[in-house]
Amino acid sequence: MSKILPSSMKDVHYDNAKFRRRSWFKMIVQAFANSSIKRECVTCSTGKFLVLLMVGGLAFLMLMNTNSIDHVSDRIRKTIAGREEHRLLLNGVGKFGRFWRKPPRLPPRLSPDEILTNNSSTFNPGNLKGDSKWVIRQRSVKHAFIHAWSGYRQYAMGYDELMPLSQRGIDGLGGLGATVVDALDTAMIMGAEEVVSEAGTWIETHLSERINGKGQVNLFETTIRVLGGLLSAYHLSGGEQGMGDMKLKGPKPHVYLEIARNLADRLLSAFTSSPTSVPYSDVILRDRSAHPAPDGLSSTSEVSTLQLEFNYLSAISGDRRYGTEAMKVLEHLKTLPKVEGLVPIYISPHSGQFSGENIRLGSRGDSYYEYLIKVWLQQRTSQNGDVQYLHEMYEEAMKGVRHLLVRKSIPKGLVFVGELPYGPKGAFSSKMDHLVCFLPGTLALGATKGITKKKAMEENLLTFEDMENLKLAEDLAKTCFEMYSVTTTGLAPEIAYFNVDGYSEGGHGGGNGSSEYANDIIIKTLDRHNLLRPETVESLFVLYRITEDSKYREWGWQIFEAFEKYTRVDSGGYSSLDDVTVLPPRKRDKMETFFLGETLKYLYLLFGDENVIPLDKFVFNTEAHPFPIHSAVEKQ
């Protein structure tokens, strides 16, 4: 999509005025008033006489001409063919018609936004409501998705990821065509039927063969992207009487379910091969075997971010094995010692115990906390046993976050979440990964359970803890947005540090000296890259749905514009950046699958109707694949 250029409505009004009907009398008077005849002839009596004679003659001709034109206009309105219009016009105006004929009435010029509104189409499952500005912006996101997909389809179809500058594909996630599966449900939600057809056809034709023949894959990445994408596509394409009203192209729902089961059966070896309830990190698909990572450890976030997917597969397939194996992990983690609900980022599948003391909500720790509340939301009405312990673990962890990890920067007081690299007795680090920006959305979701803040307060559903978490969510969302606005490009770095009382990290700012928070945020040289990550726009989407505050939409639009300006590759696709603090930023030549699967999906939903994928009826996995909470009926 070409970026909408700023336009002045004054220019539009001026151009439109050129094509309005004009009075013949005003035309003649204005012509006379501006001519040299006025200056030269009116000074003598002869000149005055000639002027009056000319005006009278012109008035007579104009009267006859107007009658003829009115007559012709009636005939033209009844005629379709362009040549017939032209012939009637020439024949009807008489001898002087060609000379006095009006200029053609061209269609009014439209502003760029009006052009986009008139010429664009978008799928609207919720009867899109609201300001037309947001309809236009939502369509802009859809056009960006089509552009991203077009580059992938042309240069990398079937590969995991696109290298948009090199115009080729690369397999970095096991060779299962991860971008195809990750993007599919985004295309379904957007109503991008050609993409649904292309992606669905590839999955139906090639994915089973890939699963049966491929070697090592990461359990976590394959579960959240490929298994999650297949299960979401199953529901959105009409599985279990899901979103069947979409009537989109592509395979029948059972195709996605059958492939998902084939994949999950092989992934189960990570659970069954381990001597404890903690699964191994790597799976050999063709052998249905598994082994630990080279250092023998698994990430805490990875082993605890599998349950939404396996639970949902059990619900729709009737096979309890998937959910049972995955839930054993959380049941085991419940028994382990914690630091005010917080846990180290590594765990051993051999001993079943945490390893090290590093505590953070960034990489290797983040989605553990996310899935505590989301699995509870998914399972609390099921018949699979009591999962209240998950909510208790979540509440304890959020208290620990507020007590041990939350600080304010100086001089302007941005609220951020830091780290404890050496445990609670070690030094505090003011480092905050962009990944931590998932937390505002998770806090808001946990506070209201997906309904609006207004409704929750009217029904007296919010506890004191809920209100504390919701306030923290809004404060952190602002910080995450400022991590974007403080840079020259308007795009956030992968990692930021915050100035705190008594200690300041070395480094430089984001390059935008006009930012109010230029002195609060420090960006180190190795952390300046941007990978097209979704976490901030994810939280903006959730917070907008819950608080109904339009500032979150405005922030999301600013971020989208920056992506369009600096990461778009004209030949197709979008690219990660090396340094967000300089202009022009150098592109990294990689489009992550989550840009289509998460970032653009959350932006599209942020600008759309709140009834599309409502948060009290769906739960998004950590890769933004939505699963229904209530509609899945467990089969015996």
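Residues numbered from 1 in each chain as written. Predicted model: local features only at pLDDT ≥ 70, side-chain atom pairs only at ≥ 80, totals over all residues. Heavy atoms only, no water.

So, about the overall build of the protein. A count of helices and strands for the protein gives 24 helices and 15 strands. The buried share of the protein, taken over its 636 residues, is 56%. For the protein, long-range pairs separated by at least 24 residues make up 69% of all intrachain contacts whose partners lie at least 6 apart in sequence. Surface exposure of the protein reaches about 27,700 Å², of which carbon and sulfur atoms provide 52%. (Helix = DSSP H or I, 4+ residues; strand = E, 2+ residues; numbered from the N terminus. Buried < 20%, exposed > 50% of the residue type's maximum accessible area, 1.4 Å probe, protein only. Contact = heavy atoms within 4.5 Å. Areas by Shrake-Rupley, 256 points an atom, 1.4 Å probe, with all protein chains shown as cover.)

Inspection of every chain in the model, using the stated rule, returns 1 disulfide. Between Cys437 and Cys480 runs a disulfide, and the two sulfur atoms are separated by 2.1 Å. Because the torsion about its S-S bond is -100 degrees, the bridge between Cys437 and Cys480 counts as left-handed. Here Cys437, found in the loop between β11 (431-433) and α19 (439-448), pairs with Cys480, found in helix α21 (residues 464-485); they are 43 residues apart in sequence, far enough to count as distant. For the pair formed by Cys437 and Cys480, the shared burial category is buried. (Disulfide = S-S within 2.5 Å.)

Glancing now at the side chain of Ser299. Within the element layout of this structure, Ser299 appears in strand β6 (residues 298-299). You can call Ser299 buried: its relative accessible area is 2%. Beyond its immediate chain neighbours, meaning those up to four positions away, Ser299 contacts Ile345, Ile347 and Arg364.

Our focus in this paragraph is the side chain of Ser281. With respect to the helices and strands, Ser281 occurs in the loop between α13 (269-272) and β4 (282-284). Of the polar contacts made by the side chain of Ser281, one reaches the side chain of Asp282; its length is 3.3 Å. Discounting chain neighbours no more than four positions away, the residues touching Ser281 are Val217, Asn218, Leu219, His291, Pro292, Ala293 and Ser298. (Polar contact = N/O pair within 3.5 Å; in protein donor to acceptor, adjacent residues only side chain to side chain.)

Turning next to the pattern of salt bridges. Pairing between side chains becomes possible if they bear opposite charge and their charged atoms approach one another. Evaluated as defined, the whole model comprises 23 salt bridges. A salt bridge links Lys590 to Glu592; its shortest N-O distance comes to 3.7 Å. Its relative accessible area of 9% is what places Glu592 among the buried residues. Between Lys617 and Asp616 there is a salt bridge, with its nearest N and O atoms 3.7 Å apart. (Salt bridge = Lys/Arg side-chain N within 4 Å of Asp/Glu carboxyl O.)

Our focus in this paragraph is the UniProt feature "active site" (unreviewed entry) in the protein. Within this structure's numbering, the places UniProt gives as "active site" (unreviewed entry) are Glu221, Asp366, Glu494 and Glu535. Take Glu221: it is sitting in helix α11 (residues 219-236). You can call Glu221 partly exposed: its relative accessible area is 21%. Look past the residues within four positions of Glu221 in its chain and what remains in contact with it is Leu173 and Val226. Here Asp366 shows up in helix α17 (residues 366-379). Taking the relative accessible area as the measure of exposure, Asp366 reaches 13% and is therefore buried. (UniProt positions renumbered as here; feature names shortened; annotations may be inferred.)

Here the focus is the pairing of strand β12 (residues 495-498). Residue alternation in β12 divides its side chains into two sets, Ile495 and Tyr497 and Ala496 and Phe498, and both sets are buried. Bridging between β11 and β12 involves 3 bridges; their strand directions are antiparallel. In the strand pairing of β12, Lys431 is matched with Tyr497. (Pairing = 2+ DSSP bridges.)

So, on to the packing of helix α8 (residues 132-156) against helix α9 (residues 178-190). As a packed pair, α8 and α9 sit with axes 11 Å apart at the nearest point and diverge in direction by 150 degrees. When the axes of α8 and α9 are compared, the pair comes out roughly antiparallel. In the packing of α8 onto α9, the handedness of the crossing is left-handed. Contact with α8, carried on its side by Val141, Lys142, Phe145, Trp149 and Tyr152, involves Thr179, Val180, Ala183, Thr186, Ala187 and Met190 of α9 and no other residues of that element. Residues belonging to the contact of α8 with α9 are distributed by class as follows: 8 nonpolar, 2 polar and 1 charged. (Axes fitted to C-alpha atoms, helices over the stretch in contact; angles between N-to-C directions. Parallel < 35°, antiparallel > 145°, perpendicular 65-115°, else oblique. Left-handed = near helix turned anticlockwise from the far one by under 90°. Nonpolar A, V, L, I, M, F, W, Y, C, P; charged D, E, K, R; others polar.)

Once that is clear, we can look at the sheet that holds β11. Hydrogen bonds between backbone atoms are what pair the strands of a sheet, whose relative direction is either parallel or antiparallel. In spatial order, the strands read β11-β12-β13; together these 3 strands make up an open sheet with antiparallel pairing. Of all strands in the sheet, those bounded by a partner on one side alone are β11 and β13 (521-522). Against the sheet, α21 makes contact with β11, β12 and β13, and its axis sits at roughly 110 degrees relative to β12, the strand it touches most.

This paragraph deals with helix α15 (residues 307-317). Among the 11 residues that make up α15, 11 are buried, leaving the element largely enclosed by the rest of the structure. When α15 is considered as a whole, its buried residues turn out to be Gln307, Leu308, Glu309, Phe310, Asn311, Tyr312, Leu313, Ser314, Ala315, Ile316 and Ser317. Looking one or two residues past α15, Gly318 carries a phi angle of roughly 80 degrees, positive in sign.

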